[in-house]
Amino acid sequence: MAVYTDVAADELADFLKQYDLGELLSYKGIAEGVENSNFLLHTSQGSFILTLYEKRVAKNDLPFFLALMTHLAEHGVNCPLPVKGRDGEALRELSGRPAAIITFLEGVWPRKPNAAHCAGVGEGLARMHLAGANFAIKRANALSVAGWRPLFDAAANRADEVQPGLRAFLATELDYLSSGIWPTNLPEGVIHADLFNDNVFFLGDKLSGIIDFTFACNDMLAYDVAICLNAWCFEPDHSFNVTKARAFLNAYGRVRKLTEAEEAALPLLARGAAIRFLLTRLVDWLNVPPGALVKPKDPLEYVRKLRFHQSVTSVRDYGLMPSGLVA
Ligand SMILES: Nc1ncnc2c1ncn2[C@@H]1O[C@H](COP(=O)(O)OP(=O)(O)OP(=O)(O)O)[C@@H](O)[C@H]1O
Ligand SMILES: N[C@@H](CCO)C(=O)O
């Protein structure tokens with residue numbers, strides 16, 4: 001998270017009067033993350049996270065995110081819980097933005113994920129997919145293949161300022177991915193859609209919790225797997241680490257086995273996931289709001305990752321035998 005919208009102390013104290021959270025002792029903006037404004041609150045009742053939802057979050061989607069966290073927590077996933085006010089509502093408004101308070105989760109996100117972390121994420125992701133199976137509310141993925149073109153259009157004119165040739169590279173890849181080859185018949189369910197290392201908490205090597213459901217939606221479960229391959233299985237120099245990928249995929253498969261069709265589609269899904277994050281990062285890189293407390297993420301990291309997926313011919317390259325057996 002970041003801080004785009006500031007909140008004054010007296011405004012926050014007033015806001016908290018709507019809750020049974022005791023007295024506000026201190027609060028501070030959280031610089032991490034890029035999407036929403038977040039604050040760590042200390043009250044006489046404990047620690048909480050206050051989120052003000054920003055540009056990419058549609059207000060109509062907020063009941064989905066809040067109900068999903070409650071549903072997942074009830075089905076064994078350790079994730080934050082929305083805190084309701086005295087009126088029974090979790091969602092309200094603060095400083096002109098939709099706002100909610102959620103419970104604070106203990107744990108630390110891994111700055112340098114190792115293969116054990118990747119295995120933890122694989123297991124955690126599969127458990128989340130199973131836990132989401134009977135969640136009643138639906139939300140389409142606004143950042144799937146149809147959502148990439150508008151992002152490209154918003155950034156295309158200045159893409160070459162970030163890297164010469166980037167515009168043409170993106171245009172070619174986007175044409176390919178939108179040419180009718182994007183899978184439509186793979187198993188679907190609730191996906192997290194942003195399960196990066198800063199959204200997964202660990203205590204030692206053990207996964208202790210999952211946060212940040214503001215991109216969660218209904219989509220292909222294997223697309224979530226592809227997002228994690230991108231987010232967890234590359235090194236700081238952006239080279240692919242097959243040991244981490246194998247650990248991740250095997251751990252996922254022990255809880256929810258990928259179908260053969262999902263395995264076959266993985267290289268394509270990974271290309272899609274790479275361009276999705278490349279494009280949102282590029283748009284954000286070119287549009288940092290003046291005065292915002294945010295460190296935009298590097299879009300070029302995803303050029304390298306995308307090139308790797310373009311070179312992949314089968315899931316063997318991700319450490320998995322096409323039959324699903326370990327390579
Ligand atoms: N429930 C929570 N418990 C403890 N810490 C939290 C919680 N929610 C958020 N944080 C802290 O705030 C940081 C940013 O949160 P989050 O990832 O939800 O923000 P975001 O703007 O949606 O970011 P991004 O989408 O870039 O990951 C986290 O890395 C974590 O340090
Ligand atoms: N996790 C995303 C930011 C939030 O969408 C990224 O690393 O680009």
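Conventions adopted
Each chain has its residues counted from 1, following the order in which its sequence is written. To label them, take the chains in the order written and letter them from A, then take the ligands in the order written and number them from 1. pLDDT decides what is reported in this predicted model: residues at 70 or higher carry local features, side-chain atom pairs at 80 or more are listed and counted, and totals for whole chains, interfaces and linings draw on all residues regardless. Side-chain numbers here rest on the full set of heavy atoms in the structure, without hydrogens or water. What makes a residue near a molecule or strand is one non-hydrogen atom of that residue sitting within 4 Å of it. Polar contacts, as used here, are pairs of N or O atoms within 3.5 Å; protein pairs need one atom able to donate a hydrogen and one able to accept it. Residues neighboring in sequence count only if both atoms are side-chain atoms. To be clear on the numbers: accessible area is Shrake-Rupley with a 1.4 Å probe, and residue cover counts the displayed protein chains and nothing else. Side-chain classes follow a simple rule in which Ala, Val, Leu, Ile, Met, Phe, Trp, Tyr, Cys and Pro form the nonpolar group, Asp, Glu, Lys and Arg form the charged group, and the remainder, Gly included, forms the polar group. Burial here depends on accessible area, computed with a 1.4 Å probe over protein chains only, as a share of the maximum for the residue type. Under 20% is buried, over 50% is exposed, and the range in between is partly exposed. For helices the rule is a DSSP run of H or I covering at least 4 residues; for strands it is a run of E covering at least 2, with both sets numbered from the N terminus onward. The arc in question is the one spanned by the directions pointing from the helix axis to the C-beta atoms. Contact criterion: two residues are considered in contact whenever any of their non-hydrogen atoms come within 4.5 Å of each other. A carboxyl oxygen of Asp or Glu within 4 Å of a side-chain nitrogen of Lys or Arg is what we treat as a salt bridge. To get an axis, fit a line to the C-alpha atoms, keeping to the stretch in contact for a helix; angles then go from 0 to 180 degrees between the N-to-C directions. Orientation categories follow fixed angle ranges, with anything under 35 degrees roughly parallel, anything over 145 roughly antiparallel, 65 to 115 roughly perpendicular, and all other angles oblique. The hand of a helix crossing depends on one turn: near helix anticlockwise from the far one by less than a right angle means left-handed, and clockwise means right-handed. Pairs of strands are assigned from DSSP output, requiring at least two bridges between the strands. Just so you know, the domain bounds were taken from an automatic or database domain assignment. Accessible area, probed at 1.4 Å, shrinks when two parts are joined; the buried area is that loss added up over both.

### What to know about the site of ligand 2
Okay, so step 1: Around ligand 2, the surrounding shell consists of Val34, Glu35, Asp194, Phe196, Phe215, Arg276, Phe277, Arg281 and Lys297.
Okay, so step 2: Here an oxygen atom of ligand 2 sits 3.1 Å away from a polar atom, N or O, in the side chain of Glu35.
Okay, so step 3: Contact between ligand 2 and Lys297: an oxygen atom at 3.4 Å from a side-chain N or O atom of the residue.
Okay, so step 4: Surface burial for ligand 2 is 95%, taken as the share of its 260 Å² of free accessible area covered by protein chains.
Okay, so step 5: Across the shell around ligand 2, the residue classes tally to 4 nonpolar, no polar and 5 charged.

### Some thoughts on helix α1 (residues 9–16)
Okay, so step 1: When we look at burial in α1, the residues that qualify are Leu12, Phe15 and Leu16. End-on, the buried residues of α1 take up no more than an arc of 95°, which puts them together on one face.
Okay, so step 2: On its buried side, α1 packs onto β1 (24–29), β2 (37–43), β3 (46–52), β4 (91–94) and β5 (97–103).

### Describing the pattern of salt bridges
Okay, so step 1: In this structure the tally under the stated criterion is 15 salt bridges.
Okay, so step 2: Across the salt bridge formed by Asp14 and Lys17, the nearest N and O atoms sit 3.0 Å from each other.
Okay, so step 3: By relative accessible area, Asp14 is classed as partly exposed at 45%.
Okay, so step 4: Among the salt bridges present, the one from Glu235 reaches Lys244, with a minimum N-O distance of 2.8 Å.
Okay, so step 5: When its relative accessible area of 9% is taken as the criterion, Lys244 is described as buried.
Okay, so step 6: Through salt bridges that share partners, Arg281, Glu301 and Lys305 make up one connected network.

### Let's talk about the packing of helix α8 (residues 260–286) against helix α9 (residues 301–311)
Okay, so step 1: Two elements in contact, α8 and α9, have axes separated by 9 Å at closest approach and are oriented at 165°. The angle between α8 and α9 falls in the class roughly antiparallel. Classified by chirality, the crossing of α9 by α8 is left-handed. Where α8 abuts α9, its residues Pro267, Ala270, Arg271, Ala274, Ile275, Phe277, Leu278 and Arg281 lie against Glu301, Tyr302, Val303, Leu306, His309 and Gln310.
Okay, so step 2: A breakdown of the residues in the contact of α8 with α9 according to their chemical character gives 9 nonpolar, 2 polar and 3 charged.

### Regarding the sheet that holds β2
Okay, so step 1: Across the sheet, which stays open at both edges, the 5 strands sit in the order β1-β2-β3-β5-β4 with antiparallel pairing between neighbours. For this open sheet the edge positions go to β1 and β4, each flanked by a neighbour on one side alone. For this sheet, the mean inter-axis angle between neighbouring strands, taken without regard to orientation, is 30°.
Okay, so step 2: The sheet strands contacting α1 are β1, β2, β3, β4 and β5, and the helix crosses β1 at an angle near 120°.

### Section: the domain arrangement of the chain
Okay, so step 1: Here the chain is described as being made up of domain 1 (9–103) and domain 2 (115–318).
Okay, so step 2: Computed from C-alpha coordinates alone, the two centres of domain 1 and domain 2 are separated by 26 Å.
Okay, so step 3: Taken together, the contacts link 23 residues of domain 1 with 28 residues of domain 2.
Okay, so step 4: Roughly 2100 Å² is buried in total at the junction of domain 1 and domain 2, and carbon and sulfur atoms are behind 70% of that figure.
Okay, so step 5: Three residues, Val34, Arg56 and Phe64, lead the burial of domain 1 against domain 2; their summed loss comes to 29% of the area buried on that side.
Okay, so step 6: Viewed at the interface, domain 2 and domain 1 are joined by 1 salt bridge.
Okay, so step 7: The shortest N-O distance in the salt bridge between Arg139 and Asp61 comes to 2.9 Å.
Okay, so step 8: Linking domain 1 with domain 2 are 5 residue pairs in polar contact (both at pLDDT 80 or more).

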